[in-house]
Each structure stands twice: as C-alpha cells, then as structure tokens.
Amino acid sequence: MDGKRRGRIEAILAAAEKEGRGQLLEGEVYTILREAGVPVPRFAVIDAQTAEADDRRPSLEGGIGESGVVVKIQSPDILHKTEAGGIAFASKDPTELSGAMRRVLAAVRSKAPQARISGLLVCERIAYSADRPGSEMLLSFRQDPAFGPIVVAGIGGLLTEWFGRVAPGETTWIISARDPRLQSDAPPDFAALGPAFSLLAQSSRIHTEPPIRPARLWGLIRSMAELADAFAADSSDSPYTLSEIEINPMALIPGRDPVALDGVGSFTRERARVRRRRVEKVRNLLEPRSVAVIGASAKSMNAGRVILDNLRAAKGVAYGRLYVIHPKEKQIDAIPCLPAIRDLPERVDLAVVSVPAEGAREAIREIVEQEKAHAIILIPGGFAETGSRKLADEIIEVLESGRSREDGGPVMVGGNCLGIVSKGQYNTFFLPRYKLPFHDAPGDNLAAVSQSGAYLVTLTSNLDGVVFPKSSISYGNQMDLTVSDFLEHYLDDPQVQVIACYLEGFQPLDGGRFLDLVREHRRRGRAVIAFKAGKTPFGAKAAASHTASLAGDYAVARALLAGSGAIVSETLDQFDDDTRVFTMLYDRAPAGKRVGVISNAGFECSVAMDSLHELVPARFAEQTRSRLAGCLPNIAHADNPVDATPMATTEQFVAAVEAILGDTEVDAAVVSPVPVTPALNNLAPDPLGTHGENIYASNSLAQELIRIFRSTEKPMVVAVDSGRLYDDLVLVLQRAGIPVFRKIDRAMRALSRYCAGRARA
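Residues numbered from 1 in each chain as written. Predicted model: local features only at pLDDT ≥ 70, side-chain atom pairs only at ≥ 80, totals over all residues. Heavy atoms only, no water.

## Considerations on the overall build of the protein
So, point 1. When helices and strands are counted, the protein shows 23 helices and 31 strands.
So, point 2. C-alpha extents for the protein along the principal axes are approximately 110 × 80 × 40 Å.
So, point 3. Of the contacts formed within the protein by residues at least 6 apart in sequence, a portion of 72% connects residues at least 24 apart.
So, point 4. A total of about 31,300 Å² of accessible surface is found on the protein, and carbon and sulfur atoms cover 50% of it. (Helix = DSSP H or I, 4+ residues; strand = E, 2+ residues; numbered from the N terminus. Contact = heavy atoms within 4.5 Å. Areas by Shrake-Rupley, 256 points an atom, 1.4 Å probe, with all protein chains shown as cover.)

Here it is as structure tokens:
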C-alpha cells in the first residue's frame with residue numbers, strides 16, 4: 001500500500017483514537033475500504049445535532065439517494081443495528097429523511113440508552129435480491145495472533161452463520177494475507193474450493209451469469225489482503241494495527257460491481273514482538289558431544305536420575321564429557337559430580353535442567369551468565385501452563401540477555417517437555433528404557449516434533465521396531481525454541497524427508513513463519529504432516545463477529561496449514577497412518593493416483609471401491625487380465641478390484657500381485673490377504689506341529705510379498721484384517737518396510753493421502 005493511502009487511513013484511526021475508541025464506525029470503515037479499492041455505497045455522515053435541529057434540513061450531494069437512502073446509527077457500542085432500532089429507510093426528500101433520522105435516534109435512545117451516539121450514516125439504497133443464495137458475500141480480514149493477517153471470504157447475509165453450521169468449513173475460504181498465491185493476477189479455481197464458491201463464481205439455475213466474476217472476486221480478496229498486511233501487528237510501516245474489518249453482506253448485483261453494504265472494524269496500537277533464536281544451535285541440541293545434567297537424585301530414580309541413566313548409554317556423548325551437577329555428592333552412577341554449574345570445565349553442548357521451576361530459573365540464569373552451555377532442555381512444568389507467567393517471563397528475560405552476546409547465548413527447548421531422543425546420539429526422555437525401548441529400525445528420513453510429550457511417547461512406542469525417527473522432539477511450552485525453529489533447522493538436513501508435527505498452539509505470529517517453512521519444505525520435495533489439537537470455537541467472542549464464528553482457531557489453522565501444503569491429519573489414527581505411510585514409502589514417488597486392489601474377500605473389494613478418496617481404480621491392460629485369469633482359481637474375479645477368493649493359494653495370490661504391479665496402468669497397489677484361509681502360508685511356525693506354516697520361509701506369503709515390494713518402485717500397502725494370531729505376520733511385513741493396516745478402508749485412505757500429498761510436493 002502506498003504512503004498516501006496509508007496516511008489517509010492513519011488519520012481516520014488517529015481521530016477515532018482521540019475519541020477513546022478502538023471500534024470503528026461504519027462510515028470510517030467505508031472510507032478505509034474505499035482507500036483499499038473495495039467498492040462502497042455513496043454515503044454521508046451527519047451529526048446528531050444536525051439531524052434533530054428543527055431549523056435545519058439535511059441535503060445530500062454526490063448523487064446519494066436517487067433510489068432512496070438507508071439511515072444507520074453510528075455508535076461504537078452497537079454492533080447489531082437492527083436490534084437497537086438503528087436502521088430506517090427513506091427517500092431523498094429532506095422532510096422524509098429528517099423524520100427517518102429522528103426515528104432512528106429516538107429508537108436507539110430507548111432500546112440502548114447507555115450507547116454512545118456519534119451520529120448518523122446516510123447512504124444510497126442498493127437494490128438487490130437480499131437473502132437469495134449467491135447474492136450476498138462475506139468478505140473480511142482479521143489479525144490472527146498465531147498466523148498474522150488472514151482473509152476470509154464466503155457466503156454472506158443474515159444466514160451466514162446458519163450456512164456455516166449446516167456445512168462447517170464449506171462456506172468460507174481462509175487464506176493468509178501473505179500467501180504467495182496472492183502475488184498472481186490469475187485467480188484460483190474457485191469452484192474447486194467447494195460448493196459455496198461454485199454458487200458465487202459460477203452460473204447456475206439461479207444465476208444465469210456468475211454472481212461475481214472470478215477475476216473480480218480475486219481482486220477483492222487481494223485488496224483486503226493488502227490492507228490487512230499494511231496494518232498488521234508486526235508491520236513496521238504504521239503504529240496502528242487494524243484488528244479486523246468485516247463486510248457482511250457485500251451485495252453481488254448482476255451488471256455492476258459488488259458493493260459493501262455493512263461494515264464493522266476495530267483497531268489498536270498493540271504490536272507483536274517476535275523473538276528470534278540462533279537456529280544453528282539446534283545442532284548442538286540434537287547432536288551434543290558434551291552434556292551436563294542438573295537435578296539427578298543420588299537416592300531415588302527421579303526424572304533427572306532416569307535421564308542420567310539414559311545418557312550413560314548414549315553413543316553421541318563423548319567419553320568423559322557427561323557431567324552431573326550436585327551440591328553434595330561426589331558421583332552418581334559412576335559419573336563424577338560437580339558442586340555447581342560454574343565448576344563445569346567446559347561450555348557443554350547441552351545442559352539438561354530437571355529441577356523444580358523456581359530452581360530451574362536460577363540454574364538457567366547461571367548457565368547464561370557464565371556461558372556454560374550452547375543449548376538447554378528444560379524438563380519441568382510449573383510455568384505458563386499453570387498460570388505462573390511471571391516465572392516464565394523471568395526465564396525468557398534471562399535467555400534474552402544472552403542474545404546480545406556475539407554467539408547469541410544458549411537456545412532452550414521446554415519447559416514442561418519430556419525431552420529429546422536423537423537417534424544414534426542420546427535419549428533424555430525421563431522414562432526408563434525397559435518401559436520405552438528404542439529398537440533399531442528405518443526412519444532416518446523422519447523427524448517427529450510434538451508439543452505434547454505424552455503423545456510423542458505413544459507415537460514412538462507404537463512405531464518401535466518399525467520406524468525409528470531420526471529425532472523425536474518434545475518441545476513443550478515454547479518458552480524459547482518454537483516448532484518453527486525445528487522446521488527451519490531441518491531445511492538444511494537433506495536426510496529428513498518427512499516432519500510429523502503434533503501442534504497445540506503457536507507463539508505470537510510463529511504460525512505464519514511455520515506456513516512459510518512448510519512451503520519451502522514442499523518446494524524441496526519434502527512432506528510436513530500436521531495434527532492440530534484444540535477444535536474448540538471462538539466461544540463468547542464469536543457473538544460479535546460472523547468471521548470469528550466461522551473462522552475460529554481450528555478452522556483457521558486447518559485451512560492455512562492445508563493451503564501451505566501441509567498434510568493435515570484430522571484424527572490421531574490418521575496422523576499415525578500418515579506418519580507411517582509417508583515415512584515408509586517416501587522414496588517411491590507415485591506416477592499418479594491409479595490404484596490396483598487385490599483381496600481374497602469380496603466384502604473388502606466392495607469396501608475398497610467405497611473408500612477411494614482421491615484414488616481412481618486402474619483399468620487393467622488386457623494382458624494383465626489374462627495373467628490374472630490364468631493364475632487365479634476359476635471362480636475368482638480377474639479384474640480391478642481383484643477378488644482372488646479364499647481358495648487362492650499363496651503361489652496364486654503372489655502371482656496375481658505381481659501381475660497387478662507389473663501393469664503400466666497401475667500407479668500404486670493395496671494388497672489385502674485376509675489371512676484366516678488355510679490356503680495361505682502366513683503363520684509363525686508352531687513348535688507343537690499343529691501346522692506346517694512358516695512366515696520366515698522363502699515361499700511364505702510374508703516373504704513373497706517382501707520380495708515383490710523390494711522389486712518394485714511403486715507404492716504398495718498391505719491390509720491384514722484379522723486378530724492377534726497374525727500379529728507376527730504384520731510385524732514381519734512392517735519391519736521389511738511395508739506399511740500394514742488392520743482394515744482395508746484405512747489402508748485405502750492412507751495410500752490415497754500419500755499419493756495425493758506426494759503429487760502436490
């Protein structure tokens with residue numbers, strides 16, 4: 001936005017501020033929108049004294065009122081004018097107009113006697129089909145505390161919130177005002193955004209012409225984004241923040257430009273302060289050669305003692321460079337103790353602080369002031385999450401004091417975090433290894449980053465022996481390092497292809513940085529998987545704004561994360577599946593979304609076709625159908641989806657899988673052998689000789705599927721829908737790198753999300 005327009009808008013805000021207001025009057029909103037290039041009605045503002053004077057009749061200029069006028073109360077205390085009697089209609093005739101203004105003033109004084117009255121807004125009456133689907137639009141922006149300026153567009157009018165309840169998430173589109181797509185003059189495919197935008201931007205039985213042309217809609221969204229960004233909380237160009245402006249409705253009128261009919265807005269001088277860390281020090285955190293533990297007990301297995309025990313087994317920590325700080329003991333578990341932090345003989349890469357909150361503050365102060373560590377893990381809670389904001393602020397202040405030094409002082413993860421497991425380096429989870437073992441497995445291409453330590457424990461436990469992430473990071477309260485810092489760190493790690501993020505909240509504006517980093521990871525061909533906890537609405541605040549009601553915290557986060565290219569998981573099951581399938585298959589880029597399906601159960605074939613999601617059934621080549629007919633029992637269905645029937649032997653089933661994956665029309669495959677049939681060799685050997693099956697034999701179903709999986713570059717997942725008797729089969733397949741699911745619909749969904757997600761990379 002150019003300086004002249006910004007200056008005129010700032011003058012409006014300064015005048016409102018002088019009156020002690022943070023809420024904008026509608027006439028002020030109209031003026032600001034006009035400066036931003038958004039069409040508004042012709043209007044005039046008339047003070048209350050003029051409206052009520054017997055000897056003065058208001059006159060309207062500039063063509064206002066040729067088709068009648070609307071009189072609206074101007075009050076910072078009245079958001080819903082109709083309920084307060086604050087709207088009337090009249091002609092341009094001075095006598096009739098004067099009567100309408102007096103009626104409005106009298107009604108408001110009666111129904112809202114405490115409301116401050118700033119005057120009256122008289123604007124031209126716009127003739128359009130109110131409350132007709134597609135004739136009214138919502139267009140707004142607000143400053144999100146996590147993501148910064150966002151724009152919301154969608155169906156508007158009196159039924160805005162009703163439409164939102166009927167089709168949650170389907171009636172609006174949410175985009176960051178800083179989204180790179182806004183730099184393009186070419187509009188997106190609005191119809192692909194959902195039925196709401198099909199109604200607005202396409203012709204239909206109701207509208208022979210689109211209510212609004214896509215190019216014009218895109219232009220309005222871009223204008224609102226420019227205004228929101230120019231007055232964002234972190235903008236250096238203005239002392240003001242435009243917190244929100246909402247247009248509802250914007251009238252969509254055939255043959256003319258859309259017009260903003262009702263506008264509300266607010267502003268503040270509050271600014272966002274964004275702290276930055278020396279992200280290069282995350283390497284010290286994840287790959288330390290020297291570590292100090294503060295808080296290990298000599299008498300009991302407290303958290304610090306468990307951490308010390310885990311660190312004693314660490315491969316990454318150099319011999320003789322593991323230290324314990326203890327004021328009384330000489331050694332703990334054969335590790336020499338030092339009486340105080342100042343006695344450390346070197347500046348360690350990592351200090352693990354596992355003492356109660358009050359003591360933690362002093363320990364961190366000493367570490368920073370005496371430059372005794374490059375990175376800190378703060379284990380305990382008892383800070384902002386319990387309401388102890390003062391203690392957290394004091395620790396942040398201490399860390400900030402180190403930022404002024406040449407090396408930027410230490411970085412810190414936590415508090416209220418479980419710790420970090422860095423594969424091949426160390427483990428600071430305060431859980432004994434017999435409760436949470438880490439067996440070697442593939443997974444060096446995965447980083448698991450979780451705000452919840454408890455969730456991270458469940459994830460790593462469920463993946464044990466199947467996927468061992470390169471890093472498992474519990475980051476807790478984000479008092480210093482944030483989730484975005486870890487995303488930035490992994491930009492420089494080509495080994496990590498998948499980052500799985502369990503998110504609860506963002507530090508101020510760090511969500512916007514997170515979006516930028518997701519885009520960069522996607523540009524480099526990597527996947528960021530995100531699960532956002534906290535799907536609660538805005539609550540009481542929603543009553544003041546349609547935008548807040550429709551675009552609450554979770555709706556905003558989900559829309560913006562997906563818009564940045566993140567793979568957004570809706571449930572924990574889905575998050576677990578996404579993490580597995582992306583990690584285990586990432587070196588297998590699908591050529592498309594054509595899927596071949598084989599099962600030996602008819603119900604699974606039906607369910608698979610009902611669970612395609614973004615997949616499409618492959619059309620087998622004639623040669624493939626012939627191969628299938630030749631290798632399967634006569635009663636089998638030798639086309640996609642293939643029903644091999646329970647009569648198919650291991651040899652027959654394997655030959656069919658090879659035929660499917662060998663078809664050039666197949667991009668990916670779902671293989672689902674329901675294992676209870678005696679025709680398949682899929683059980684672990686029985687020492688009692690009850691059966692002769694052996695999943696470790698080269699001719700078993702498990703080993704044959706592993707052979708096929710390793711011989712193809714196509715994505716392949718397996719479903720095993722049976723009980724614990726077949727857990728060994730599942731484990732053998734998974735340890736060979738094959739994603740296995742216990743229901744075919746779950747396998748279909750996971751493969752679909754993988755193929756679609758990789759296609760967008």
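Moving on, there is more to tell.
## Examining the sheet that holds strand 5 (residues 119-124)
So, point 1. In spatial order, the strands read 2-5-3-4; together these four strands make up an open sheet with antiparallel pairing. The open sheet terminates on both sides in strands that have one partner only, identified here as strand 2 (43-46) and strand 4 (87-90). Going from strand to strand, the sheet's axes swing by 25 degrees on average, the running direction of each strand aside.
So, point 2. Here four bridges tie strand 2 to strand 5, and the two strands are oriented antiparallel to one another. Bridge pairing links Ile-46 to Leu-120 in strand 5. (Pairing = 2+ DSSP bridges. Axes fitted to C-alpha atoms, helices over the stretch in contact; angles between N-to-C directions.)

## Observations concerning the packing of helix 18 (residues 602-610) against helix 23 (residues 744-760)
So, point 1. Direction vectors running N to C along helix 18 and helix 23 enclose 35 degrees, while the axes themselves pass 9 Å from each other. Note on packing geometry: the crossing formed by helix 18 with helix 23 is right-handed. Listed contacts from helix 23 to Glu-604, Val-607 and Ala-608 of helix 18 are Ile-744, Asp-745 and Met-748.
So, point 2. Classifying every residue of the contact of helix 18 with helix 23 by side-chain character gives four nonpolar, no polar and two charged. (Left-handed = near helix turned anticlockwise from the far one by under 90°. Nonpolar A, V, L, I, M, F, W, Y, C, P; charged D, E, K, R; others polar.)

## Notes on the packing of helix 10 (residues 357-369) against helix 11 (residues 389-403)
So, point 1. One way to put it is that helix 10 packs onto helix 11 with a least axis distance of 9 Å and a crossing angle of 5 degrees. Compared by their axis directions, helix 10 and helix 11 come out roughly parallel. Packed against helix 10, whose contacting residues are Ala-357, Glu-358, Arg-361, Ile-364, Arg-365 and Val-368, the element helix 11 presents Leu-391, Glu-394, Ile-395, Val-398, Leu-399, Ser-401 and Gly-402 at the interface.
So, point 2. Class assignment of the residues belonging to the contact of helix 10 with helix 11 gives a composition of seven nonpolar, two polar and four charged. (Parallel < 35°, antiparallel > 145°, perpendicular 65-115°, else oblique.)

## Details of the confidence of the model for the protein
So, point 1. Scored by pLDDT, the protein has a mean of 91; 95% of the residues are at 70 or more.
So, point 2. The model gives residues 537-551 a pLDDT under 50, and that stretch makes 35 contacts with residues more than four places away or in other chains. (pLDDT = per-residue confidence, 0-100.)

## Digging into the state of the cysteines
So, point 1. One pass over the full model with this rule turns up zero disulfides.
So, point 2. Its sulfur unpaired, Cys-755 is 19 Å from the next cysteine sulfur, which belongs to Cys-605. (Disulfide = S-S within 2.5 Å.)

## Considerations on the pattern of salt bridges
So, point 1. Throughout the structure, instances matching the rule amount to 65 salt bridges.
So, point 2. Between Arg-277 and Asp-485 there is a salt bridge; the shortest N-O distance is 2.9 Å. You can see Arg-277 sitting in the loop between strand 11 (263-268) and helix 8 (282-286) and its partner Asp-485 sitting in helix 13 (residues 483-490), a full 208 residues away along the chain.
So, point 3. Given the relative accessible area of 10%, Arg-277 is considered buried.
So, point 4. Relative accessible area serves as the criterion here: at 0%, Asp-485 is assigned to the buried category.
So, point 5. Residue Lys-593 pairs with Glu-614 through a salt bridge whose shortest N-O separation is 3.1 Å. Highlighted residues: Lys-593 in the loop between helix 17 (572-585) and strand 26 (594-599) and Glu-614 in the loop between helix 18 and strand 27 (616-617), separated in sequence by 21 residues.
So, point 6. Classification of Lys-593 by relative accessible area gives partly exposed; the value is 29%.
So, point 7. Judged by relative accessible area, Glu-614 falls into the partly exposed class, the value being 41%. (Salt bridge = Lys/Arg side-chain N within 4 Å of Asp/Glu carboxyl O. Buried < 20%, exposed > 50% of the residue type's maximum accessible area, 1.4 Å probe, protein only.)

## Brief notes about the sheet that holds strand 17 (residues 373-378)
So, point 1. Taken in spatial order, the seven strands of this open sheet run 14-15-13-12-16-17-18, and their pairing is mixed. The sheet is open, and its two borders are formed by strand 14 (331-332) and strand 18 (411-414), each paired with just one other strand.
So, point 2. Across four bridges, strand 12 (residues 291-294) lies against strand 16 (residues 348-353) in parallel orientation. Residue pairing for strand 16: Ala-292 is matched across the bridge by Ala-351.
So, point 3. Against the sheet, helix 10 touches strand 12, strand 16, strand 17 and strand 18, its axis set at about 170 degrees to strand 17.

## Describing the side chain of Ser-238
So, point 1. Looking at where Ser-238 falls in the secondary structure, it is placed in the loop between helix 7 (214-230) and strand 9 (241-251).
So, point 2. With a relative accessible area of 5%, Ser-238 lands in the buried category.
So, point 3. At 2.8 Å, the side chain of Ser-238 and the side chain of Glu-10 are in polar contact.
So, point 4. Here Tyr-240 takes part through its backbone nitrogen, which lies 3.2 Å from a polar atom of the side chain of Ser-238.
So, point 5. Non-local contacts of Ser-238, meaning those with residues more than four positions away in its chain, are made with Arg-6, Glu-10, Ala-230, Phe-231 and Arg-271. (Polar contact = N/O pair within 3.5 Å; in protein donor to acceptor, adjacent residues only side chain to side chain.)

## Some thoughts on unusual backbone geometry
So, point 1. The omega torsion across Gly-414 and Gly-415 is -5 degrees, close enough to zero to call that bond cis.
So, point 2. With omega at 0 degrees, the peptide bond leading from Asn-640 into Pro-641 counts as cis.
So, point 3. Among the secondary structure elements, Pro-641 is positioned in the loop between helix 19 (622-631) and strand 28 (642-643).
So, point 4. Here the phi dihedral of Asn-416 falls at roughly 55 degrees; this positive angle occurs in a residue that is not glycine.
So, point 5. Looking at the element boundaries, Asn-416 is found in the loop between strand 18 and strand 19 (420-422).
So, point 6. If you check the backbone angles, Gln-478 has positive phi at about 55 degrees while not being a glycine.
So, point 7. Within the element layout of this structure, Gln-478 appears in the loop between strand 22 (471-474) and helix 13.

## Some remarks on the pairing of strand 15 (residues 335-338)
So, point 1. Note: strand 13 (residues 322-325) against strand 15, two bridges, orientation parallel. Counterpart to Ile-325 in the pairing with strand 15 is Leu-338.
So, point 2. Summarising the sheet, strand 14 and strand 15 pair through two bridges and their orientation is antiparallel. Following the sheet pairing, Ile-332 is matched in strand 15 by Ile-335.
So, point 3. Two successive antiparallel strands, strand 14 and strand 15, enclose a turn made up of two residues, where Asp-333 displays a positive phi of approximately 50 degrees.

## Some remarks on helix 10
So, point 1. In this model, helix 10 (13 residues) spans 18 Å end to end at C-alpha, consistent with the 18 Å of a helix rising 1.5 Å per residue.
So, point 2. For helix 10, the complete set of buried residues consists of Ala-357, Ala-360, Arg-361, Ala-363, Ile-364, Glu-366, Ile-367 and Val-368.
So, point 3. Of the surrounding elements, those touching the buried residues of helix 10 are strand 12, strand 16, strand 17, helix 11 and strand 18.
So, point 4. Directly after helix 10, the chain includes Glu-371, whose backbone phi takes a positive value near 55 degrees. (Expected span 1.5 Å × (residues − 1).)

## Re the packing of aromatic side chains
So, point 1. Within the structure shown, the criterion is met by 16 aromatic pairs.
So, point 2. Members of the aromatic cluster, joined through ring pairs, are Trp-173, Phe-190, Phe-197 and Trp-218.
So, point 3. Just above the ring of Phe-709 sits the side chain of Arg-588; from NZ or CZ to the centre is 3.7 Å. (Phe/Tyr/Trp six-rings, centres within 6.5 Å; stacked < 30°, edge-to-face > 60°. Lys NZ or Arg CZ within 6 Å of the ring centre and 35° of its normal.)

## Remarks on the nonpolar core
So, point 1. Core analysis: the biggest nonpolar cluster contains 88 residues, and Phe-582, Leu-628, Val-670, Leu-733 and Met-748 have the highest contact counts within it.
So, point 2. In this structure Val-670 touches Val-595, Gly-596, Val-597, Ile-598, Val-717, Ile-744, Ala-747, Met-748 and Leu-751, once residues within four positions along its chain are discounted.
So, point 3. Counting 60 residues, the second-largest nonpolar core is a separate cluster that includes Tyr-490, Leu-503, Leu-517 and Ala-530. (Core = buried A, V, L, I, M, F, W, Y, C linked by side-chain atoms within 4.5 Å.)

## Concerning the environment of Ala-90
So, point 1. Take Ala-90: it is sitting in strand 4.
So, point 2. Look at Ala-90 and you get buried, because its relative accessible area is 8%.
So, point 3. The sequence separation of Ala-90 and Ser-67 amounts to 23 residues, and the corresponding C-alpha distance is 9.5 Å.
So, point 4. Once residues lying within four places of it in the same chain are set aside, the contact partners of Ala-90 are Gly-68, Val-69, Glu-96, Leu-97 and Ala-100.

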